Amino acid sequence: MQYISTRNSSIKVKSATAIKKGLSDEGGLFVPAEIPQIDLEDIKKLTEKSYTERAVFVLKKYLTDFLVKELRECAENAYGGGKFSGENPAPVVNVGGKYNVLELWHGPTCAFKDMALQILPHFLTKSMQKTGEDKTVVILVATSGDTGKAALEGFKDVAGTKIIVFYPSEGVSNIQKLQMITQEGKNVFVSGIKGNFDDAQSGVKTIFTDKEANTEFLKKGFTLSSANSINWGRLVPQIVYYISAYCDMVASGEVVLGDKINICVPTGNFGNILAAYYAKRMGLPVNKLICASNQNNVLTDFINSGEYNKNRNFHTTISPSMDILISSNLERLLFDLSGNDDKKVSKWMTDLKEKGGYKVSADVKKKVAEIFWAGYCDDYFTKERIYKTYTEFGYTVDTHTAVAIDVYEQYKTETKDMTPTVIASTASPFKFNQSVLSALGKDRETVDKDDFELLDILSSVSQMEIPASLGSLRTKKKRFENVCEKSELLMTVNGFLDKK
Ligand SMILES: *Cc1c(COP(=O)(O)O)cnc(C)c1O
């Protein structure tokens, strides 16, 4: 299968190249030239298989230049070996007979990013072999909090790679920050930036497309790649868990094979929900994709109006991993819905860069509205939803998952649609302990407590065990306390790469 760029569909590469490069040279994103299909017979067979085998089945439809044996190795290394707690790395939990929650945070960094970032380094190492790459691959990451840690954990000490992560210095939770600045490994570097996630993402994208800088990197023996969801290797493992969730619901009798489900996803960069869209396009029986945003509701407005406009206030919310106004992966959706129209997509993306927005054509707008339903939830209602879910069902959710549950409730109220719905739960509540405890009415108990005391309190309130990887932060050394200006990203990258 060939991969083409959303901004120039005459550029055709194999999946190994798409994964190695991350981003196409002219700034477009790689997408499969055609979307592979599955049928109910396939799904039926998959219901009897393990998560790893389901992953191999889906991956081999997309990564056709990889051998099945190689994909199995990648999947076993990522999802086996006790890295994820529990037998199924992505279980569907029935909450009070009311919600089907797809818990995606049982991996080493306690957010759904592990589902892709535990396997991406294996794809990348194999892609380097396949393409004869002799340079050191430098993974540049902009993070709103969770990608950074998951990428660091996935790439630490992976031969032939280095990884550099930029996070908004004031825009992540304490635990998220601690996770990153205590990162171990010889090939890692972490820096805060004085700005928000969009600044970090734009800065990183600028380095990717900076010809001069890239020529210099090559001279020094480095080539850049991305672990953000602009990399196709991030998206394809995410398609797997939606198909797997459907299989689990068939197996448990929640749905009958062939029945449709809805999928509700708390969304920032549009990566996770795009993976659900690809699952639907492949033939998974899906009715609506419900796009849940926090107060940074640029996607809600886009889905409802066909007009993308990032010229608006940026809100720092209690669901920081969704504090994003430029949702990069929307570009892939627009490319698909416009019938692979690279000219149109290029124009929209130029307008986004130059004017801060664009308006899609009527046919694309109509298709978007048919496939998606969108809503948002501010901090007040996010907290209220955490409280309600806890008091009604004894189930403690993190702030991002709460946004999704709340928007799902809005959806049901408005549409009266009772189709069984999978709600993607994207992080462990322990990652956002302060906000979660506050939502549960524990403000008084948490005054003057440090983050580890908060973990203990949340554990006793939620009756959940503290994830080992968070508890162990207590004794880890802080290694990376530097913060740079928005304009200093390239300098910071060179500083790290030039160090012996
Ligand atoms: C990254 C993240 C999101 C948003 O996912 P996208 O793929 O960027 O839409 C939601 N919740 C959590 C906890 C995250 O880490």
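Above this text is the structure in question.
Residues numbered from 1 in each chain as written. Predicted model: local features only at pLDDT ≥ 70, side-chain atom pairs only at ≥ 80, totals over all residues. Heavy atoms only, no water.

Caption draft 1: Geometry of the packing of helix 12 (residues 271-282) against helix 14 (residues 330-337). Across the interface, helix 12 lies against helix 14 with an axial gap of 10 Å and an inter-helix angle of 25°. Classed by the angle they form, the pair helix 12 and helix 14 counts as roughly parallel. Our pair here, helix 12 against helix 14, has a crossing hand that is left-handed. Taken together, the residues of helix 14 that come into contact with helix 12 (itself represented by L274, Y277, Y278 and R281) are R332, L333, D336 and L337. (Axes fitted to C-alpha atoms, helices over the stretch in contact; angles between N-to-C directions. Helix = DSSP H or I, 4+ residues; strand = E, 2+ residues; numbered from the N terminus. Parallel < 35°, antiparallel > 145°, perpendicular 65-115°, else oblique. Left-handed = near helix turned anticlockwise from the far one by under 90°. Contact = heavy atoms within 4.5 Å.)

Caption draft 2: Geometry of the sheet that holds strand 10 (residues 261-266). Overall, mixed pairing links the 6 strands, which are arranged 4-5-15-10-11-14 in an open sheet. Strands with a single pairing partner mark the edges of an open sheet, and in this sheet they are strand 4 (92-95) and strand 14 (372-376). When the angles between neighbouring strand axes are averaged without regard to direction, this sheet yields 25°. Judged from the 4 bridges that link them, strand 5 (residues 99-103) and strand 15 (residues 421-425) form a sheet pairing that is parallel. (Pairing = 2+ DSSP bridges.)

Caption draft 3: Here's a closer look at the sheet that holds strand 1 (residues 3-5). In spatial order, the strands read 2-1-3; together these 3 strands make up an open sheet with antiparallel pairing. Since the sheet does not close on itself, it has two edges, and those belong to strand 2 (8-13) and strand 3 (30-32), each with one partner. Direction aside, neighbouring strands of the sheet carry axes that sit 40° apart on average. Pairing geometry for strand 1 and strand 2, over 3 bridges, is antiparallel. Residue pairing for strand 2: Y3 is matched across the bridge by V13.

Caption draft 4: Inspection of the site of the ligand at higher detail. With respect to spatial proximity, 15 residues lie near the ligand, and among them K113, D146, G268, N269 and T426 are the closest. Between F270 and the ligand, the recorded distance is 3.2 Å, taken from a backbone N or O atom to an oxygen atom. Taking N272, its main chain carries an N or O atom lying 2.9 Å from an oxygen atom of the ligand. The fraction of the free accessible surface of the ligand (380 Å²) that becomes covered by protein chains is 98%. When atom positions are compared with the pocket grids, the ligand is found to occupy the largest cavity. (Near = heavy atom within 4 Å. Polar contact = N/O pair within 3.5 Å; in protein donor to acceptor, adjacent residues only side chain to side chain. Areas by Shrake-Rupley, 256 points an atom, 1.4 Å probe, with all protein chains shown as cover. 1 Å grid on protein atoms, 1.4 Å probe; cavity = no way out; pocket = protein on both sides within 12 Å on 5 of 7 lines; lining within 4 Å. Sits in = over half its atoms within 2 Å of the grid points.)

Caption draft 5: Geometry of empty space enclosed by the protein. Under the counting rule described, the total for this entry stands at 2 cavities of 30 Å³ or more. Taken as a whole, the largest cavity spans an internal volume of roughly 270 Å³. Forming the boundary of the largest cavity are 26 residues, of which F112, K113, G268, N269 and S321 lie nearest the centre. Broken down by secondary-structure element, the contributors of at least two residues to the lining of the largest cavity are helix 7 (146-155), helix 11 (232-251), strand 10 and helix 12. The dominant element in the lining of the largest cavity, judged by the number of residues it contributes, is helix 12, at 3 residues. Residues of the lining of the largest cavity, tallied by class, amount to 9 nonpolar, 14 polar and 3 charged. Here the second largest cavity is characterised by a volume of approximately 40 Å³. Taken together, A142, Q201, V204, K205, N228 and I230 form the lining of the second largest cavity. It is helix 9 (residues 197-209) that provides the largest number of residues to the lining of the second largest cavity, a total of 3 residues. Tallied by class, residues from the lining of the second largest cavity come to 3 nonpolar, 2 polar and 1 charged. (Points joined across faces, edges and corners; volume = space filled by probe spheres on them. Nonpolar A, V, L, I, M, F, W, Y, C, P; charged D, E, K, R; others polar.)

Caption draft 6: A look at the side chain of S127. Mapped onto the elements, S127 comes out in helix 6 (residues 120-130). Owing to a relative accessible area of 0%, S127 belongs among the buried residues under this scheme. Not counting residues within four places of it along the chain, the set of residues in contact with S127 comprises A16, I19 and F66. (Buried < 20%, exposed > 50% of the residue type's maximum accessible area, 1.4 Å probe, protein only.)

Caption draft 7: Molecular detail of the layout of surface pockets. Within this model, the largest pocket holds a volume of roughly 550 Å³. As for the largest pocket, its lining consists of 22 residues, and the residues nearest its centre are R7, K205, M349, L352 and K353. Broken down by secondary-structure element, the contributors of at least two residues to the lining of the largest pocket are helix 9, helix 14 and helix 15 (342-355). Tallied by class, the residues present in the lining of the largest pocket amount to 7 nonpolar, 9 polar and 6 charged. Empty space within the second largest pocket amounts to approximately 440 Å³. Secondary structure elements with two or more residues in the lining of the second largest pocket: helix 1 (15-21), helix 9, helix 10 (211-219) and strand 9 (222-226). Taken together, the residues that form the lining of the second largest pocket break down as 7 nonpolar, 5 polar and 6 charged.

Caption draft 8: Broad picture of unusual backbone geometry. Positive phi, normally seen in glycine, also occurs at K416, with a value near 60°. As for its placement among the helices and strands, K416 is situated in the loop between helix 18 (399-415) and strand 15. Even without glycine at this site, Q463 takes up a positive phi of about 60°. Mapped onto the elements, Q463 comes out in the loop between helix 21 (451-462) and helix 22 (468-471). For Q463, a relative accessible area of 71% corresponds to the exposed category.

Caption draft 9: Summary view of the packing of aromatic side chains. Taken as a whole and assessed by the stated rule, the structure comprises 20 aromatic pairs. Here Y62 and W232 contribute two aromatic rings whose centre-to-centre distance is 5.6 Å and whose plane-to-plane angle is 50°, an arrangement assigned as tilted. Pair noted here: Y62 is in helix 3 (residues 51-62) and W232 is in helix 11, with a separation of 170 residues, a long-range link. The class for W232 is buried, based on a relative accessible area of 1%. Both rings, one in Y308 and one in Y358, keep their centres 5.4 Å apart while their planes meet at 5°; by these two values the pair is stacked. Taken together, the residues Y308 in strand 12 (residues 307-309) and Y358 in strand 13 (residues 357-359) connect sequence positions 50 residues apart. Judged by its relative accessible area of 5%, Y358 falls in the buried class. Site record: aromatic cluster; members linked through ring pairs are Y3, Y62, W232, F270, Y277, Y278 and F372. (Phe/Tyr/Trp six-rings, centres within 6.5 Å; stacked < 30°, edge-to-face > 60°.)

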